[in-house]
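Here's the letter readout for the chains.
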Amino acid sequence: LIYRWAALLAFLGGLGLAGCASDKNLVAHAFNNVAARDNAYFLAREKLHATEYKLYAGRINDYNQTLPLFPTLDSASVKANRPDLNDIIKKASMPIQRRPGSDWTDDAYVLVGWARFYQMQFDDAALTFKYVNSTSKDANAKHEALIGLMRTFVAQGEMESAKAVSDLLDKEEGLPQDARQLFLTRADYYIRTEEPAKAIPQLEKAIPLIEFKNERSRTRYILAQLYQDAG
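Figured I'd write up the structure that's included with this text. (Residues numbered from 1 in each chain as written. Predicted model: local features only at pLDDT ≥ 70, side-chain atom pairs only at ≥ 80, totals over all residues. Heavy atoms only, no water.)

1. Topic: the environment of Q121
Structurally, Q121 is set in the loop between helix 3 (105–118) and helix 4 (122–135). With 43 residues separating them in the primary sequence, Q121 and V78 have C-alpha atoms 9.9 Å apart. (Helix = DSSP H or I, 4+ residues; strand = E, 2+ residues; numbered from the N terminus.)

2. Observations concerning the layout of surface pockets
Empty space within the largest pocket amounts to approximately 1200 Å³. Lining the largest pocket we find 36 residues, and of these H49, E52, R180, Q181 and F212 sit closest to its centre. Those elements that place two or more of their residues in the lining of the largest pocket are helix 1 (2–57), helix 3, helix 5 (139–156), helix 7 (176–192) and helix 9 (213–229). No other element matches the eight residues that helix 1 contributes to the lining of the largest pocket. Taken as a whole, the second largest pocket encloses approximately 310 Å³ of empty space. Mapped by element, the contributors of at least two residues to the lining of the second largest pocket are helix 3, helix 5 and helix 7. Across the lining of the second largest pocket, the residue classes tally to 13 nonpolar, two polar and three charged. (1 Å grid on protein atoms, 1.4 Å probe; cavity = no way out; pocket = protein on both sides within 12 Å on 5 of 7 lines; lining within 4 Å. Points joined across faces, edges and corners; volume = space filled by probe spheres on them. Nonpolar A, V, L, I, M, F, W, Y, C, P; charged D, E, K, R; others polar.)

3. Description of the nonpolar core
Core analysis: the biggest nonpolar cluster contains 52 residues, and L69, W114, F117, Y118, V165, L169 and L203 have the highest contact counts within it. In this structure F117 touches L73, F122, A125, R151, T152 and A155, once residues within four positions along its chain are discounted. (Core = buried A, V, L, I, M, F, W, Y, C linked by side-chain atoms within 4.5 Å. Buried < 20%, exposed > 50% of the residue type's maximum accessible area, 1.4 Å probe, protein only. Contact = heavy atoms within 4.5 Å.)

4. Description of the packing of helix 3 against helix 5
At their nearest, the axes of helix 3 and helix 5 sit 10 Å apart, and the two run at 15 degrees to each other. Classified by the interaxial angle, the pair formed by helix 3 and helix 5 is roughly parallel. Between helix 3 and helix 5 the crossing geometry is left-handed. Every residue of helix 5 that contacts helix 3 at D106, D107, V110, W114, F117 and Y118 is listed here: A141, E144, G148, R151, T152 and A155. Each residue belonging to the contact of helix 3 with helix 5 can be placed in one class, and the counts come to six nonpolar, two polar and four charged. (Axes fitted to C-alpha atoms, helices over the stretch in contact; angles between N-to-C directions. Parallel < 35°, antiparallel > 145°, perpendicular 65-115°, else oblique. Left-handed = near helix turned anticlockwise from the far one by under 90°.)

Just geometry here; none of it tells us what the structure is for.
Printed below as a string of structure tokens:
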């Protein structure tokens, strides 16, 4: 009888420990998510936004030709922003290395991809975006990664590859801000391939999604330029 009671207590204790282990795993996962999002990832994302703001503000407006939708990347822009871009990579790498089980790992990789893109390290950026698209379970992260990959191919002049990614994106769903970036990226693609008539509907869809008034007005001006070019 004593043996049976001992065995029963041991069995129940084992169930309790298993439950505690499961709870601990859930708590640990939640902690990793919060730590990854609210610390290094948040700081890296904010610095990326600040860096992009500077790059967009630095666009040269030559009104004798179609204004650029995106910043022009060159050795000067890379040199001016290299410290910030390196810091973005450093911060975004922390949740990847220290919180690999968090739900923000793939988002951190996306930040690394954009930092590589703005450093004109296009091959590394493409590899990063491809990695997120092939491994992430987050549809939004995959969507942003594909947009980044398309931007990378366009920047490299690999238009057939950019078109293939654009076709693939037709099968995906993403967030509204991703839709805006997709329409603008497609418009940029058509402008660069000298197909302004195809760029027009992309800008028409993008403009209502542009949050900042000055940028929205500027994009409307580009749309007017395309209408003029199309007669």
